[in-house]
Amino acid sequence: MVKIVSEWLNQHLSEPLGVAEMVAALERAGIEVEEVIQPPEFDSRIVTATVVEVKPHPNADRLQVATVKSGSKKYQVVCGAPNLYVGQRVVFAQLGAVLPDGTEITQAKIRGHDSYGMLCSELELGLGGSHEGLLDLGTEVAADLPLREVFNAEQSVVDIKTAANRWDLQSYVGLAREVAAHTPATDLIEQIVQAPPAGQRVTNLFTNQAKEEVSCYGLLKLKLPQKVAASPPWMQRRLRLAGVRPINVVVDVTNYVMLETGQPLHAFDAAQVKGPLTLRFATNGEVLTTLDGVKRALASEDIVVASGKHPVALAGIMGGETAEIGDNTQEILVEAATFSDVLVRKSAKRHGLRTEASARFERGLPVQAVRPALRYAVHLLQEYAGAELTAYQNELNIWPWVQHIGVRSPRLQQLLGVKLEREEVSDYLRHLQIDAEPFDIALEARKHLAKPYKLGASFKTDGVKAFDCSYLVDYIYSLIGIKIGHTAHAQYTSGTAVELADLRPGDLVFRGGPWVQLDEVEREGVSHVALYIGEGKIIDARNNVRNQADEWEELPVEEQQVVELSLEQMSQDSQFLGARRYVGDLEQYVQVTAPWWRPDLRDEADIAEEVIKLYGLDNLEATLPAWRPKEKGLVDHYWSRLNELRQLLRGRGLFEVTTYPFISEVDLANYKITGQNHLKLKNPRSQEQAYLRQSLLPTLLKAVVDNTTYKDNFGVFEIARTYTPRSDEMLPLEHTMLALAWQQDEARLRVKSDIDQIMRLLQITPQFVTSHDNPSLHPARQVTLEVDGVAIGCYGELHSKIMQNQKLRNAVAVVELDVVRLLELWQSARFEPLPRYQSSYRDIAVMVPDKVTWQQLAVSLSQVEDVVVTYQDEFQRESGRVITVHLELQAHAKTLNEQDIQQRLQQIATVVKQDLDAELEL
């Protein structure tokens, strides 16, 4: 959460905005506005006044009798505030005034003295939570004004949420930049004054033993010629409205700079620090008492700032009590740093201590933020505390990376659904102070003409001041985010060969040459590269030429530079090797350089997001997707059929549930599953989520158990993924499964009915094969569902021991099916005209051997043409098992007579005898 004081933000805008305009701009920028807090409508009798006299109360140690002047009159007020002093500009509630909480001010007698009004704190005025003292308005606020003229809409507070990767939105400068970009009527005014370093640069203020985790550290030493006082009232007011408690001028300046720039600072009392500060990892068990008075046991993963052997700050989170700034502090050390975002986040979580500083470090601060913040702090301390900078030390341990991005206009159109010209894209981005322009490789190359040649030049050492041949073309292509290799040999091998007749601007041409520091064999004879810019011209960073004897000769130093030559000087050389192409559409690119404060901008998608916000989401037209199936029959039915399954099951009274894909060792034991073949997580969130499930049944059954107290009879289903580990180190196999469960009497019949409906929807007929493979199911009441001999799932009743352990009162039956396999087998429904003639019906009994199942009998009977069979019942006889069947004998050509029916029954008897050795009982 960030609190924006509208008055403060408007200070950074060329044209002040109203709160509504500011909120609209923030929302257009994609920043979530939580709340707008506006000052109350103050009673006209609540005014500003001046304290002209303060006397101790004769009858109370903690009370004072003040005389305040408002207009031409003076009033006596009894007050208990500790910060009351003569000359103070205060808020005075006159008799009859009503405070924002509804309290009416009346004349009172307090310990024998009359009080004609009330002097108010922030809390009493509804302007904040502070009740520690009076609201000190400062002398810049005129006296005798109604308070409603002092605290108006300009002091409104806008509460916002910012993205976790946008550190810049934790600062007023960053927020003003976004508001200005999304409000055409105003521009950004940074107003960050940076005092030049006037002290001595030294090397003995600190040592860094954690360079990888502290990539940048700056420390200033300042002398305070006077006692540490309060910060100016305007600064205190802004800090309070932003949710920060004012303390003293030094601490307030560090907090103010943090809110203004986004870079946290911390100040130490230099007298309490012995020797140079040390940046290091803590030792396990080391103790630090932080500024909130809490003793904290540190861990070896915490970074600390130490004085001698003792820590004085938990880096990036909070300082320690021992070096706290006090009223008598005479010399201070002010730090600004770039601490590891990961380590700060982990330390803050470990200690349960999330501060304004840690909230910013967790977002990943760039090293470039340190210097301007320190210089701004020096300026404010010099102006308001009379501080003198005596020494400073800074250390940079990483290269400040510059991110170049190539943005293709067709790709933007594909991402955004709107066509924008390259110039439009550039204009939008420049509103956010992002350097962008249409890429012209010839123009870019000519910018470097006459720059000196330097063998082995690189961006870190030379920037754009000197080049060799490979660095020149590598740098130019890097401007659109394309890596072609750092050496001529690497560039030659990474490109696509192209004929000279087909050359386009941006293609590279290669040749051999003299070999001084490089190995010819290792580089495969590739010594030199130049950039073709069109019209038969190349840009070449060269240091040698062929002389009249056709030998390589080094140029004079003043002639070793980037030059423009004709293509023939390269292509007609005896060591010419050919040309290579890397990009075929350079004319579509916009070259974008992400500013240092936007490390979140990495690729085209990030730029597209910024462009569309500036274009305006409301301006997008509704259009159909450009994708169309290439051929008939290629329409993807996956999601539509999945939704049909869902609708079917919901219509049959089942509740759809969503469960976590994780299970625990307890779950594995409860549902009789071995954990050896389950994928175990290296860093589970808890022991209840230690494994990835291989079946939906454990998590689905947990949902059943959790809901048994609410209802006895119900069904649930879930369509989700399961995970099967592989023997190698590849990612696990993922299977989309459907599982459903019913808890009720005769649950297995209800589940069987659901299975039948699913199969009827899919137009497939599975076989139910006796199985004992699933330990979660009753060994005598489970089957495997197969189609053409391939298993598609399992069905059965929950094991009785599991039911006892989970205290389930009613039977539970389940089925789990392979969704992908089901969708592959799905047959579109086929419709036939209804018979024109009436069907005939017969009930028959079939004596079958004990091993024959009803399904086998149904398959056998269905072989007889125009016969529909329905299961009725079965019973046991001494001679075997009898299954009773209801037959529908359909008639398509005529109405069946008795002779036709008998012939059909005789045909049925013959079929079941041949297939199953069964006897038909008519």
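Further up the page is the structure itself.
So, how was this worked out
Residues numbered from 1 in each chain as written. Predicted model: local features only at pLDDT ≥ 70, side-chain atom pairs only at ≥ 80, totals over all residues. Heavy atoms only, no water. Helix = DSSP H or I, 4+ residues; strand = E, 2+ residues; numbered from the N terminus. Rg over C-alpha atoms; globule rule 2.2 N^0.38 Å. Buried < 20%, exposed > 50% of the residue type's maximum accessible area, 1.4 Å probe, protein only. Lys, Arg positive; Asp, Glu negative; His and termini not counted. Charge placed at Lys NZ, Arg CZ, Asp CG, Glu CD. Salt bridge = Lys/Arg side-chain N within 4 Å of Asp/Glu carboxyl O. Pairing = 2+ DSSP bridges. Axes fitted to C-alpha atoms, helices over the stretch in contact; angles between N-to-C directions. Parallel < 35°, antiparallel > 145°, perpendicular 65-115°, else oblique. Left-handed = near helix turned anticlockwise from the far one by under 90°. Contact = heavy atoms within 4.5 Å. Nonpolar A, V, L, I, M, F, W, Y, C, P; charged D, E, K, R; others polar. Arc of directions from axis to C-beta. Phe/Tyr/Trp six-rings, centres within 6.5 Å; stacked < 30°, edge-to-face > 60°. Lys NZ or Arg CZ within 6 Å of the ring centre and 35° of its normal. Polar contact = N/O pair within 3.5 Å; in protein donor to acceptor, adjacent residues only side chain to side chain. Expected span 1.5 Å × (residues − 1).

Undergrad: Now, about the overall build of the chain: what can you tell me, with residues and values included?
TA: When helices and strands are tallied, the chain shows 26 helices and 47 strands. In terms of overall size, the chain is more extended than a compact globule, its C-alpha atoms giving a radius of gyration of 41 Å where 922 residues would be expected to give roughly 29 Å. Overall size of the chain, expressed as C-alpha extent along the three principal axes, is 120 × 110 × 55 Å. For the chain, buried positions account for 50% of its 922 residues. Between the averaged position of the 95 positive side-chain charges in the chain and that of its 125 negative side-chain charges there is a distance of 4 Å.

Undergrad: Pulling in residues and values, what's your account of the pattern of salt bridges?
TA: Tallying each qualifying case throughout the model produces 42 salt bridges. With a shortest N-O distance of 2.6 Å, R546 and D573 are connected by a salt bridge. Of this pair, R546 sits in strand β29 (residues 544-546) while D573 sits in the loop between α17 (568-571) and β32 (576-581); the two residues are 27 residues apart in sequence, bridging distant segments of the chain. Assessed through its relative accessible area of 11%, D573 is described here as buried. Between E734 and R721 there is a salt bridge, with the nearest N and O atoms lying 2.7 Å from each other. Of this pair, E734 sits in strand β39 (residues 733-743) while R721 is found in strand β38 (residues 714-724), placing the two residues 13 residues apart along the sequence.

Undergrad: I'd like a rundown of the pairing of β39, residues and numbers included.
TA: The element β39 is largely enclosed, with a buried count of 8 among its 11 residues. Pairing of β38 with β39 involves 11 bridges; the strand directions are antiparallel. Directly across from E718, in β39, lies its bridge partner A739. As paired elements, β39 and strand β43 (residues 812-818) share 7 bridges and run antiparallel to each other. Looking across to β43, one finds that M737 is bridged to D818.

Undergrad: Describe the packing of helix α11 (residues 409-416) against helix α18 (residues 604-615), naming the residues involved and giving the relevant values.
TA: At their nearest, the axes of α11 and α18 sit 10 Å apart, and the two run at 65° to each other. It follows that α11 is roughly perpendicular to α18 by the angle criterion. At the point where α11 passes α18, the crossing takes the right-handed sense. Of the residues in α18, those in contact with R411, L412, L415 and L416 of α11 are E604, A605, A608, V611 and I612. Tallied by class, residues from the contact of α11 with α18 come to 7 nonpolar, no polar and 2 charged.

Undergrad: So what's going on with α11? Which residues, and what values?
TA: For α11, every residue scored as buried is listed here: S409, L412 and L416. All buried residues of α11 lie within an arc of 55° about the axis, which places them on one face of the element. Looking at the buried side of α11, the elements it contacts are β23 (404-408), α12 (422-430) and α18. Phi for G417, located one or two positions after α11, is positive at around 80°.

Undergrad: How would you summarise the side chain of E286 if you had to cite specific residues and measurements?
TA: Along the polypeptide, E286 turns up in the loop between β15 (277-281) and β16 (287-289). Judged by relative accessible area, which is 11%, E286 ranks as buried. Apart from residues lying up to four places away in sequence, E286 is in contact with R280, R296, A297, L298, K309 and P311.

Undergrad: Which residues make up the sheet that holds strand β26 (residues 508-511), and what values go with them?
TA: Ordered in space as β25-β32-β26-β27-β28-β31, the 6 strands form an open sheet in which the pairing is antiparallel. The outermost strands of the open sheet, each flanked by one partner alone, are β25 (496-498) and β31 (561-566). Neighbour to neighbour, the strand axes of the sheet diverge by 35° on average, direction disregarded. As judged from the 3 bridges shared by β25 and β32, these two strands associate in the antiparallel manner. Its bridge partner lying in β32, A497 is registered against R580. Its contacts with the sheet put helix α15 (residues 469-478) on β26, β27 (528-534), β28 (537-542) and β31, and the angle it makes with β27 is roughly 45°.

Undergrad: For the side chain of R360, give the residues involved together with the corresponding values.
TA: Relative to the elements of secondary structure, R360 occurs in helix α9 (residues 356-361). Take R360: its relative accessible area is 1%, and that puts it in the buried class.

Undergrad: Outline the packing of aromatic side chains, supporting the account with residue identities and numerical values.
TA: Tallied over the full model, the rule gives 20 aromatic pairs. With 5.1 Å between their ring centres and 45° between their planes, Y75 and F92 make a pair best called tilted. Placement of Y75 in strand β5 (residues 73-79) and of F92 in strand β6 (residues 89-93) is noted, with a sequence separation of 17 residues between them. A residue is classified by how much of its surface remains accessible, and F92, at 0% relative accessible area, is buried. Linked through ring pairs, W8, Y172, W234, Y256 and Y384 together constitute an aromatic cluster. Above the face of the W597 ring, R177 is positioned so that its terminal group lies 3.9 Å from the ring centre. For R580, the ring lying beneath its charged end belongs to Y492, and the centroid distance is 4.0 Å.

Undergrad: Please provide a residue-by-residue account of unusual backbone geometry, values included.
TA: Unusually for a residue other than glycine, D144 sits at a positive phi of about 65°. With respect to the element layout, D144 can be found in the loop between α3 (122-125) and α4 (147-150). On the basis of relative accessibility, which here comes to 41%, the residue D144 falls in the partly exposed class. At Q763, a position not held by glycine, the phi torsion is positive, near 60°. Looking at where Q763 falls in the secondary structure, it is placed in the loop between α22 (747-762) and β40 (767-770).

Undergrad: Before we move on, could you go through the environment of E395 and cite the residues and values that matter?
TA: Considering the arrangement of structural elements, one finds E395 in strand β22 (residues 388-396). Accessibility expressed as a relative area gives 17% for E395, which makes it buried. Discounting chain neighbours no more than four positions away, the residues touching E395 are F206, N208, K211, S215, C216 and Y217. A polar contact of 3.2 Å, which involves the side chain of E395, links it to the side chain of K211.

Undergrad: Any details on the sheet that holds strand β11 (residues 200-201)? Residues and values, ideally.
TA: With respect to topology, 5 strands assemble into an open sheet ordered β11-β22-β13-β21-β14, the strand pairing being mixed. Sheet topology places β11 and β14 (265-269) at the edges, where each strand pairs with a single neighbour. The pairing of strand β13 (residues 214-223) with β22 spans 8 bridges and is antiparallel. Across the sheet, residue L222 finds its bridge partner in β22, namely L389. Along the sheet, helix α10 (residues 370-385) contacts β13, β14, β21 (331-339) and β22; its crossing angle with β21, the most-contacted strand, is approximately 160°.

Undergrad: Can you lay out α22 for me, pointing to particular residues and giving the numbers?
TA: Under the 1.5 Å per step criterion, the end-to-end length of α22 is 23 Å for 16 residues, consistent within 8% with the ideal 22 Å. Within α22 the residues assigned to the buried category are A747, V751, D754, I755, I758, M759 and L762. Here the buried residues of α22 occupy an arc of 135° about the axis, which is enough to place them on one side. Opposite its buried face, α22 presents the exposed residues L749 and R760, each directed more than 90 degrees away. Q763 sits one or two residues past α22 and shows a positive phi near 60°.

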